[in-house]
Amino acid sequence: MQEFINQFFDVGFMVDHFDEVLEGFWVTIQLSVLSGILALIWGLILATLRQLPGKGFLPVRVVTIAYIDVFRGIPLLLLIVLIAGGIPALEFLPESLRLPQWLGKPDNFWFGVLAITITYGAYMAEVYRSGIEAVPGGQMEAARSLGMSHGQAMRNVILPQAVRKVIAPLLNDFIALTKDTTLVSVIALSEVTLVASDIQSETFNSSALVLGALMFLAVTLPLARLVDKLISREQGRFTRGAPRVEAL
Amino acid sequence: MQGQVNSSGSMLSLRGVCKRFGDLEVLRGVDLEVKKGEVVCVLGPSGSGKSTLLRCVNLLEPPEEGDIHLEERSICRGPGSGTGEQSWELDFVRQRVGIVFQQFNLFPHKTALENVTLAQEKVLGRGAAEARKKGAELLERVGLGDKLGEYPERLSGGQQQRVAIARALAMDPHVMLFDEVTSALDPELVKEVLDVMRELAEEGMTMIVVTHEIGFAREVADRVVFMDEGVIIEEGPPAQVIDGPREERTKKFLGLVLAH
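To start, this report covers the structure provided alongside it. (Residues numbered from 1 in each chain as written. Chains lettered and ligands numbered in written order. Predicted model: local features only at pLDDT ≥ 70, side-chain atom pairs only at ≥ 80, totals over all residues. Heavy atoms only, no water.)

## Observations concerning unusual backbone geometry
Residues and elements named next belong to chain A.
Step number 1: Positive phi is not limited to glycine here, since A188 has a value of about 65°.
Step number 2: Inspection of the secondary structure assignment puts A188 in the loop between α9 (150-180) and α10 (192-203).
Step number 3: Unlike most non-glycine residues, F204 shows phi in positive territory, near 60°.
Step number 4: Mapped onto the elements of the fold, F204 is located in the loop between α10 and α11 (207-237).
Step number 5: The exposure class assigned to F204 is exposed, which follows from its relative accessible area of 68%. (Helix = DSSP H or I, 4+ residues; strand = E, 2+ residues; numbered from the N terminus. Buried < 20%, exposed > 50% of the residue type's maximum accessible area, 1.4 Å probe, protein only.)

Rendered as structure tokens:
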């Protein structure tokens, strides 16, 4: 039993390596927040492209749907390796794109951001779509009959309602994204998993990895509670006499 | 309302309008003339094409055949046209034709006042202050001066429908279309909406009203049109169509509606 505790829950060991692991977790947070924001934006763009009306936009819709299907269908890990190994080899690209070092971050950080944004943008596009489709068709008709263009109606009438309906599922995707940032460790980005795993290899003690897991929980558990709260609030909205929920 | 009553001019003219949904022929050649300032009530059983007719007029459902003239300009020249998102007709029509729906279709994330100001600002380019002033005036007119800041879910059906009327009027339409606007309302709320419409008619607004309210049609309409199976069966002054119909189908329908 003592051996088990020493292997996984050695508190003294955790304290000794706390700064190192936290440094790795800080990279994880930066990667999550940046990719998360980009995926939210990219997903919204994809969802909007997918909803463009009329025959003229058919090619745009087809390409968008193909994109979403493809990147939901291939593993993120594969994409990360593909990008990190592939892009630096493209000699025709300028060096600042082949080996990006923006904002003082190493190139593998940016390859991770790119791969996660590509994949989670596709997931989030589907979430936005479910929100857009949940807005009654009469809303678009009312907006158009008042003279708004399709774009104006989307911006002012449809999307504000759609986004409000899907905040909770989007946040769920963000939690999943945060956990999936650990995959970027395979291209040697020193995020929390790689840092803790290196400590494990050197010391044969897994407590640093458990510490990393605890750090994840410190972020993901409050988010999960927030999701629950948002869901029950959204349900309460349509109950008669429930207090009105203020804007986002 | 805008004082543009000119009883001689043609506001709207439909010739041979046809509309299909797949194999279903909803409109099978409708001819209709509406003069400026005229109030036309359209009666008929459900499925007779009344609502589709209104939706053709403001190009929510562009007709496949036939022609519609609005203020003496053709808004759908022949088959296949009038359907383009960029076509000039769409702007021309939407700036002149207001529509009120059975299900209100208020924007639930906007207050009553914001519902009335949004399109004024985005479409007509009015400043926020001007749009608010106009919006508040209109809501006052429909009896909702004390509800400017309320969200639709806090309003009764009748109040929501009156906001929807104010929202359409805010765009200074030349014609107003009413698509069974009282059908989704509790009986005690119908009157407040009809009162607003009656007032609008008295002020000279050109109106096409699809309705089951025979009393309203008899009292307010200049002309009543009876539709069945996608064509106009009979039309004329209310006294003639409602109280002395010539066609069998009109008699049958009115018998059913007036029986209860």
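There is more to say after this.
## Here's the deal with the pairing of strand β1 (residues 10-21) of chain B
Residue and element names in this part refer to chain B.
Step number 1: Taken together, the nine bridges between β1 and strand β2 (residues 24-35) define a ladder with antiparallel strand orientation. Residue pairing for β2: C18 is matched across the bridge by R28.
Step number 2: Linking two consecutive strands that pair antiparallel, namely β1 and β2, is a turn of two residues; a positive phi of about 65° is found at G22 within it.
Step number 3: As paired strands, β1 and strand β4 (residues 65-70) are joined by five bridges and run antiparallel to one another. The residue of β4 that forms the bridge with L12 is L70. (Pairing = 2+ DSSP bridges.)

## Focus on a negative patch on the surface
All names here are of chain A.
Step number 1: A cluster of acidic side chains, namely D19, E20, E23, D198 and E202, defines a negative patch on the protein surface.
Step number 2: Looking at which element gives the most residues to the negative patch, the answer is helix α3 (residues 18-50), with three residues.
Step number 3: Counting through the fold element by element, E20 comes out in helix α3.
Step number 4: A relative accessible area of 40% means that E20 is categorised as partly exposed. (Patch = residues over 30% accessible without salt bridge, like charges linked within 9 Å, V, L, I, M, F, W, Y side chains within 5 Å. Areas by Shrake-Rupley, 256 points an atom, 1.4 Å probe, with all protein chains shown as cover. Salt bridge = Lys/Arg side-chain N within 4 Å of Asp/Glu carboxyl O. Lys, Arg positive; Asp, Glu negative; His and termini not counted. Charge placed at Lys NZ, Arg CZ, Asp CG, Glu CD.)

## Some thoughts on helix α5 (residues 76-86) of chain A
All names here are of chain A.
Step number 1: Here α5 has its buried residues at L76, L79, I80, I83 and A84. Each buried residue of α5 lies within a common arc of 120° when the element is viewed along its axis, so the set occupies one face. Exposed side chains of α5 directed beyond 90 degrees from the buried face belong to L82 and G85. (Arc of directions from axis to C-beta.)

## Some words on the interface of chain B and chain A
Step number 1: Chain B puts 25 residues into the contact, and the matching count from chain A is 18 residues.
Step number 2: Where chain B abuts chain A, roughly 2100 Å² becomes buried across the two surfaces, and 55% of that area is made up of carbon and sulfur atoms.
Step number 3: Inspection of the chain B/chain A interface yields one salt bridge.
Step number 4: A salt bridge links E141(A) to R55(B), with the shortest nitrogen-to-oxygen separation between them at 2.4 Å.
Step number 5: Counting every contact that joins chain B to chain A gives six residue pairs in polar contact (both at pLDDT 80 or more).
Step number 6: Broken down by secondary-structure element, the contributors of at least two residues to the side of chain B that touches chain A are α2 (88-96), β6 (97-100), α3 (112-122) and α5 (157-169) of chain B.
Step number 7: Looking at the side of chain B that touches chain A, its residues break down into 14 nonpolar, three polar and eight charged. (Contact = heavy atoms within 4.5 Å. Buried area = accessible area lost by both parts, 1.4 Å probe. Polar contact = N/O pair within 3.5 Å; in protein donor to acceptor, adjacent residues only side chain to side chain. Nonpolar A, V, L, I, M, F, W, Y, C, P; charged D, E, K, R; others polar.)

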